[in-house]
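A look at the structure
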Number of protein chains: 2
Amino acid sequence: MATMKDVASRSGVSVATVSAVIHDADWVSDSTRARVQRAIEATNYRPNHVARSLKTRRGYAIGAIVSDLTNPFFTEVVRSLSHALRQHDRSLFLCDSDHQFDLGATNLRMMQDKQVDGLIVIGDTVRPRLLAKFLEEAPEVPVIAIERAYDLDGVCCLLVDSEEGGYRATRHLIENGATRVAMINGPEEGAGSTTYGRAKRYEGYRRALNEAGLTFDAALVEQGTFRYESGKAALNRLLSLPTPPDAVFVANDMMALGALEAARNSGRNLPHDLMLVGYDDIPLASLTSPGLTTMAMPKHTLGTTAATLLHKQIETGRPTTASRHMFDATLVVRGSTRAPTP
Amino acid sequence: MATMKDVASRSGVSVATVSAVIHDADWVSDSTRARVQRAIEATNYRPNHVARSLKTRRGYAIGAIVSDLTNPFFTEVVRSLSHALRQHDRSLFLCDSDHQFDLGATNLRMMQDKQVDGLIVIGDTVRPRLLAKFLEEAPEVPVIAIERAYDLDGVCCLLVDSEEGGYRATRHLIENGATRVAMINGPEEGAGSTTYGRAKRYEGYRRALNEAGLTFDAALVEQGTFRYESGKAALNRLLSLPTPPDAVFVANDMMALGALEAARNSGRNLPHDLMLVGYDDIPLASLTSPGLTTMAMPKHTLGTTAATLLHKQIETGRPTTASRHMFDATLVVRGSTRAPTP
DNA sequence: TTGTACGCGTTATCAC
DNA sequence: GTGATAACGCGTACAA
């Protein structure tokens, strides 16, 4: 592997000049610049990123810790992230923490050791106190959180307005004639429980009921685990109520798909006998029949924004205060709430 | 941030001794070792991985290029990989190449620049010629491919015996009474086409037909794109044949789920009117009703083995010859081929 | 059993 | 415009 020295001697200049050429310094004469360029190509020289990092104290990589990569929402965020980072010529260190809080510490340390220039925390694995420690120990490194609201100076949270999302989802059901709207909520503890949207969706649901003058019935609120089976079970319970609901707002798509299955098994005809709205818009939501009406999370935007924001903060330095960016979920209407127009 | 020098002066020894303590050299006296340890803790010293890398020419990270992270099969492989690597104290550089062949070059170069200690190529994005160039330019770096058969010296391919898998899937259908077994195959070009299993599954299908004395009917073989919609469409075509099949072997689960949907829509009752076997065993396959019988890919094993193998090769040096490790897909029987026992 | 000194490939600061 | 040269933090002969 050719080094800068090789290029230098080959083109009869000093390493300083070669470095200058590489970094487009403005003071190099055109003739030497050309000579150096030629030498670079001839030797097939590539700068040694490690040496550069040692000197500049930058890793030119960013780290991402994701609580569960197999969650389709997260998968897409990571994918967008990967592509956005490539544009900025940065690489991505990925850690899946598998909802195990104890792994958070290990993962954070790993990121620190690798001298990442920025950190992205996706989901709910990393405990606030741990992150606070990271902020303290790596005061230069900007941190962005996705779908988790940290109240820590320096952390920038990318959130989706799930109160509004829950509201819109529920209102959509009411506008389509539902009068007894149930909700299958996310878990109050365990995996996914500390996610930003978890509590908010419920709040939006309540607001929509209120606004429409529908009385809230606690029996209509079920709690699931964000997983398929729990949605199926929850809907079965709802359907066996003395007065079952005529519509259900489900806090995420995986549970909604489970609910869809349960509805089918019960012989219900969607959307006539029962309407269903999910949350996330995972790829599969458009593929079932009927298709699943859902609140689409701006997955691509989240990934891309995280990359851009991080890039900016790496240049300008980490902000000293906490901040939040709110994004909207958009209603995607499919067959589970509205019959296809003929 | 404390450096080795700090630790050295604080404990009244030289940096060499500190280094020795860190690397568990056997010649350090217990007393000095203890003293150094204390100093390490007191100063909260952490070795600088970048400096170490510069010296040792190792990055202590491995790179993975995945052709499509949103493919549930790949997602799980990557997840297993991430966890296995943590055990080995290595970190993971991840690139999604999104089925774009041109990105392969960029990604490979990125990995090279980061001085990864090993490379894992998952899926079919990286062209053989490109990989050959990498092998040449980075002669130390072991390379492992998952589900793609490269015939390049030094590359170790982790494959699943899909001929056998296709055979077993088809035989399972025949054993359950099918006499007219169709197949929905993967694409012959484009995304996923150069995957190892693509052609093999078809071969296994043919072998099983042969062995059972069933005559092959070209009209019963459809070609899909590995995606949901294509499976749905393909099954619809099959069902509208003059003599439709009574069972279908589908080359992956996503298409099989599409086929399942089409079967339902046509009013077919599975498994009585029609049997279906998929391939991969993605999480969703167990969740539909009826559940999807499928050939389970050893996703976890693939990820873990890749990590272990790489680890070993990093120690012993990259093998000089090409090699293949074959794994088995296992039949998972669900409702789409066998009625639940009461 | 321990310390000294050099080099890894860059970047950055000067002096020319 | 250009070239020496000193860091960056660590590993490791080699000397003691």
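Quick caveat, the model's predicted, so the values are computed rather than measured.

1. Some remarks on the overall build of chain A
- Secondary structure assignment for chain A yields twelve helices and twelve strands.
- Relative to the 2.2 N^0.38 estimate, which gives 20 Å for 342 residues, the radius of gyration of chain A is 26 Å and therefore markedly larger than a compact globule would have.
- Structurally, chain A occupies a C-alpha span of about 90 × 45 × 30 Å along its principal axes.
- Considering chain A as a whole, with its 342 residues, one finds that 56% of them fall into the buried category.
- Within chain A, contacts between residues at least 6 apart in sequence are counted, and of these 73% link residues at least 24 apart.
- Side-chain charges in chain A split into 38 positive and 39 negative, and the spacing between the mean points of these groups amounts to 5 Å.

2. As for the protein's contact with DNA strand D
- Taken together, the neighbourhood of DNA strand D is formed by 24 residues, with A:Thr17, A:Trp27, A:Arg57, B:Met4 and B:Tyr45 sitting nearest.
- The sugar-phosphate backbone supplies 69% of the atoms of DNA strand D found within 4 Å of the protein.
- For DNA strand D, a phosphate oxygen lies 2.7 Å from a polar atom in the backbone of B:Met4.
- B:Arg52 places a side-chain nitrogen or oxygen 3.0 Å from a phosphate oxygen of DNA strand D.
- For the surface near DNA strand D, the secondary structure elements donating two or more residues are helix 2 (15-22) and helix 4 (49-56) of chain A together with helix 2 (15-22) and helix 4 (49-56) of chain B.

3. Concerning the pairing of strand 10 (residues 293-296) of chain A
All names here are of chain A.
- Residue alternation in strand 10 divides its side chains into two sets, Thr293 and Met295 and Thr294 and Ala296, and both sets are buried.
- One ladder, built from four bridges, connects strand 9 (residues 275-280) with strand 10; its direction is parallel. In the sheet register, Asp280 faces strand 10, and the bridge partner there is Ala296.
- Looking at chain direction, strand 10 and strand 12 (residues 330-332) are connected through three bridges and run antiparallel. Counterpart to Ala296 in the pairing with strand 12 is Thr330.

4. A word on the packing of helix 8 (residues 162-175) of chain A against helix 9 (residues 196-211) of chain A
Residues and elements named next belong to chain A.
- In contact at an axis separation of 6 Å, helix 8 and helix 9 are set at 40° when each is read in the N-to-C sense. Here helix 8 is positioned oblique relative to helix 9, judged by the angle of their axes. You can see that helix 8 and helix 9 cross each other, and the crossing is right-handed. Residues Ser162, Glu163, Glu164, Gly166, Tyr167, Thr170, Arg171 and Ile174 of helix 8 form the contact with helix 9, whose own contacting residues are Tyr196, Gly197, Lys200, Arg201, Glu203, Gly204, Tyr205, Arg207, Ala208, Leu209 and Glu211.

5. What to know about the packing of helix 1 (residues 4-11) of chain A against helix 3 (residues 30-43) of chain A
Residue and element names in this part refer to chain A.
- One way to put it is that helix 1 packs onto helix 3 with a least axis distance of 9 Å and a crossing angle of 125°. One finds that helix 1 runs oblique with respect to helix 3. Here the hand of the crossing between helix 1 and helix 3 comes out right-handed. Touching Val7, Arg10 and Ser11 of helix 1 are Arg35, Val36, Ala39, Ile40, Ala42 and Thr43, all from helix 3.

6. Some words on the nonpolar core
- Residues A:Leu235 and B:Leu235 are the most contacted members of the largest nonpolar core, which totals 142 residues.
- In this structure A:Leu235 touches A:Ile184, A:Val248, A:Ala259, A:Ala262, A:Ala263 and A:Leu274, once residues within four positions along its chain are discounted.

7. Overview of the sheet that holds strand 6 (residues 181-185) of chain A
Residues and elements named next belong to chain A.
- Strand order in the open sheet made by the six strands is 7-6-8-9-10-12, with mixed pairing throughout. The open sheet has two edge strands with one neighbour each: strand 7 (221-223) and strand 12. Looking at each pair of strands side by side, their axes are set apart by 20° on average, direction ignored.
- Contacts from helix 8 reach strand 6, strand 8 (247-250), strand 9, strand 10 and strand 12, with the element oriented near 160° to strand 9.

8. Focus on the side chain of A:Asp68
- Residue placement: A:Asp68 occurs in the loop between strand 1 (61-66) and helix 5 (72-87).
- Within the buried set, A:Asp68 has no salt-bridge partner at all; the shortest N-O distance to an opposite charge, 4.3 Å, is to B:Arg79.
- There is a polar contact of 2.7 Å between the side chain of A:Asp68 and the side chain of A:Thr70.
- When near neighbours in sequence (up to four residues on either side) are disregarded, A:Asp68 contacts A:Phe74, A:Asp96, A:His99 and B:Arg79.

9. Concerning the pattern of salt bridges
Residues and elements named next belong to chain A.
- Per the stated rule, a full pass over the model turns up 30 salt bridges over all chains.
- A salt bridge links Glu164 to Arg168; the nearest nitrogen and oxygen atoms lie 3.0 Å apart. Placement of the pair is Glu164 and Arg168 together in helix 8, with a separation of four residues, close to one helical turn.
- Given the relative accessible area of 21%, Glu164 is considered partly exposed.
- Relative accessible area serves as the criterion here: at 26%, Arg168 is assigned to the partly exposed category.

10. Quick notes on the relation of the copies chain A and chain B
- Of the transformation superimposing chain A on chain B, the axial component is 0.0 Å and the angular component is 180°, with the fit at an RMSD of 0.1 Å. Considering both components of the superposition, the chain copies are consistent with a two-fold axis. Ranked by how close their C-alpha atoms come to the rotation axis, the residues of chain A are headed by A:Phe93, at 2.4 Å.
- By residue overlap, the copies meet face to face through one surface: 100% of the interface positions of chain A are interface positions in chain B.

11. Brief notes about the protein's contact with DNA strand C
- Within the structure, DNA strand C sits among 26 residues, and A:His23, A:Tyr45, B:Ser14, B:Trp27 and B:Arg57 are positioned closest to it.
- Sugar and phosphate atoms form 66% of the subset of DNA strand C atoms that lie within 4 Å of the protein.
- Between DNA strand C and the protein, one listed contact pairs a phosphate oxygen with a backbone N or O atom of A:Asn48 at 3.0 Å.
- Contact between DNA strand C and A:Arg52: a phosphate oxygen at 2.9 Å from a side-chain N or O atom of the residue.
- When contributions to the surface near DNA strand C are tallied by element, the ones reaching two or more residues are helix 2 and helix 4 of chain A together with helix 2 and helix 4 of chain B.
- In terms of residue count, helix 4 of chain A provides more of the surface near DNA strand C than any other element does, four residues in total.

12. Structural notes on the domain arrangement of chain A
Residue and element names in this part refer to chain A.
- By the assigned domains, chain A splits into domain 1 (4-43), domain 2 (61-160 + 299-327) and domain 3 (162-297).
- Each of domain 2 and domain 3 was reduced to a C-alpha centroid, and the two centroids are 29 Å apart.
- Between domain 2 and domain 3, the residue contacts involve 13 residues of the former and 16 residues of the latter.
- Summed over both partners, the interface of domain 2 with domain 3 comes to about 1,300 Å²; 56% of that surface belongs to carbon and sulfur atoms.
- Broken down residue by residue, the surface that domain 2 buries against domain 3 is led by Glu147, Val160 and Lys299, which jointly contribute 40%.
- On the surface where domain 2 and domain 3 come into contact, there are one salt bridge.

Reading the values: rules and limits
- Residues numbered from 1 in each chain as written.
- Chains lettered and ligands numbered in written order.
- Predicted model: local features only at pLDDT ≥ 70, side-chain atom pairs only at ≥ 80, totals over all residues.
- Heavy atoms only, no water.
- Helix = DSSP H or I, 4+ residues; strand = E, 2+ residues; numbered from the N terminus.
- Rg over C-alpha atoms; globule rule 2.2 N^0.38 Å.
- Buried < 20%, exposed > 50% of the residue type's maximum accessible area, 1.4 Å probe, protein only.
- Contact = heavy atoms within 4.5 Å.
- Lys, Arg positive; Asp, Glu negative; His and termini not counted.
- Charge placed at Lys NZ, Arg CZ, Asp CG, Glu CD.
- Near = heavy atom within 4 Å.
- Polar contact = N/O pair within 3.5 Å; in protein donor to acceptor, adjacent residues only side chain to side chain.
- Pairing = 2+ DSSP bridges.
- Axes fitted to C-alpha atoms, helices over the stretch in contact; angles between N-to-C directions.
- Parallel < 35°, antiparallel > 145°, perpendicular 65-115°, else oblique.
- Left-handed = near helix turned anticlockwise from the far one by under 90°.
- Core = buried A, V, L, I, M, F, W, Y, C linked by side-chain atoms within 4.5 Å.
- Salt bridge = Lys/Arg side-chain N within 4 Å of Asp/Glu carboxyl O.
- Least-squares fit on C-alpha atoms with pLDDT ≥ 70 in both.
- Domains from an automatic or database assignment.
- Buried area = accessible area lost by both parts, 1.4 Å probe.

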